[in-house]
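Coordinate analysis (summary)
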Amino acid sequence: MIVERLAKSLMVLSKDGVFTRESLERLSGLGGSIVESFLNELLSDGAITRVGEGYRVNMRPHALIRYFMNKGLSVDLEEISGFLPWDEFEALIRLIFEEWGFRVVSRLRVPVVGTRVEFDVIAYREPRVLLIEAKRWRRVSGSLSAIVKRHLEKVELVSREPEVLMNRLGVRWGEALLIPVVITWHKAGMSMLEGVPIVSIYQVNSFIMELDGIVDYVRAFRVSWRHL
């Protein structure tokens, strides 16, 4: 789509701070009223502001991607991956789950069973704790089995001493369902591998909406603990 070409071009230009209409036209290969309408909508929504003869994006990359997603535009994340800071993918995952009412933490290290494991993103809302492995690789399929195996091992370790994780999260439910999830930024429908949901970033909304209906079919660890 034409507008998606503009959105992708804006994502690339936003890393440089201020950009001009001419640079947007040059990168996208578009011009005229299409570009003018695109910029006017961004201005109206507060996504960009005028700076002299140019414009500045008012959002971090992950928030800008989410803005376009909410507009129904599919920004090709793989194509622009080289222009995004490494942590923006995790930030986008956090943002989506927060919009659905989850509490979210990232890069949490948990000491368990004589070792230490780290989770990219943890999204939790009683009674579920989603332990998320975020993969922004271009080609993930060849090593997907290994990724799922390692992720399951980490979740299984945490399930042995759940009070450690829950204390770090400040969760005092007494029992919970730990659900391992892998989120990639490939354009694909949701699939399962060893009971672990493999979810495209483009399908996270659908995954959250459908979670109640599929929870009995995914790999999960039911845990209980006493408050520390």
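Rules behind the numbers
Residues numbered from 1 in each chain as written. Predicted model: local features only at pLDDT ≥ 70, side-chain atom pairs only at ≥ 80, totals over all residues. Heavy atoms only, no water. Salt bridge = Lys/Arg side-chain N within 4 Å of Asp/Glu carboxyl O. Helix = DSSP H or I, 4+ residues; strand = E, 2+ residues; numbered from the N terminus. Buried < 20%, exposed > 50% of the residue type's maximum accessible area, 1.4 Å probe, protein only. Phe/Tyr/Trp six-rings, centres within 6.5 Å; stacked < 30°, edge-to-face > 60°. Lys NZ or Arg CZ within 6 Å of the ring centre and 35° of its normal. Patch = residues over 30% accessible without salt bridge, like charges linked within 9 Å, V, L, I, M, F, W, Y side chains within 5 Å. Areas by Shrake-Rupley, 256 points an atom, 1.4 Å probe, with all protein chains shown as cover. Pairing = 2+ DSSP bridges.

Here the structure, examined in full by the defined rule, presents 14 salt bridges. We note a salt bridge from R160 to E156, for which the minimum N-O separation is 3.0 Å. With a gap of four residues between them, R160 and E156 both fall in helix α6 (residues 144–160), about one helical turn apart. Residue E156 is classed as partly exposed on the basis of its relative accessible area, which comes to 29%. Each member of the salt-bridge network shares a partner with another, and the members are E90, R107, R109, E118 and D120.

Per the counting criterion, the structure on display carries four aromatic pairs. Between F97 and F102, the ring centres sit 5.2 Å apart and the planes meet at 85 degrees, which makes this aromatic pair edge-to-face. An aromatic cluster is present here, built from F38, Y67 and F68 joined pairwise through their rings. When the ring centre of F102 is taken as origin, the NZ or CZ atom of R125, which lies over that ring, is 4.1 Å away.

On the surface, M1, I2, V3 and I34 cluster together to form a nonpolar patch covering roughly 350 Å² of accessible area. Mapped onto the elements, I34 comes out in helix α3 (residues 33–45). I34 sits in the partly exposed class, given a relative accessible area of 35%.

A few words on the sheet that holds strand β2 (residues 48–51). Across the sheet, which stays open at both edges, the three strands sit in the order β1-β3-β2 with antiparallel pairing between neighbours. In this open sheet, the two edge strands, each paired with only one partner strand, are β1 (18–19) and β2. Both β2 and strand β3 (residues 54–57) contribute to a ladder of four bridges, which runs antiparallel. In the sheet register, V51 faces β3, and the bridge partner there is G54.

Pairing analysis gives nine bridges linking strand β4 (residues 103–112) to strand β5 (residues 115–125), with the strands arranged antiparallel. Counterpart to S106 in the pairing with β5 is V121.

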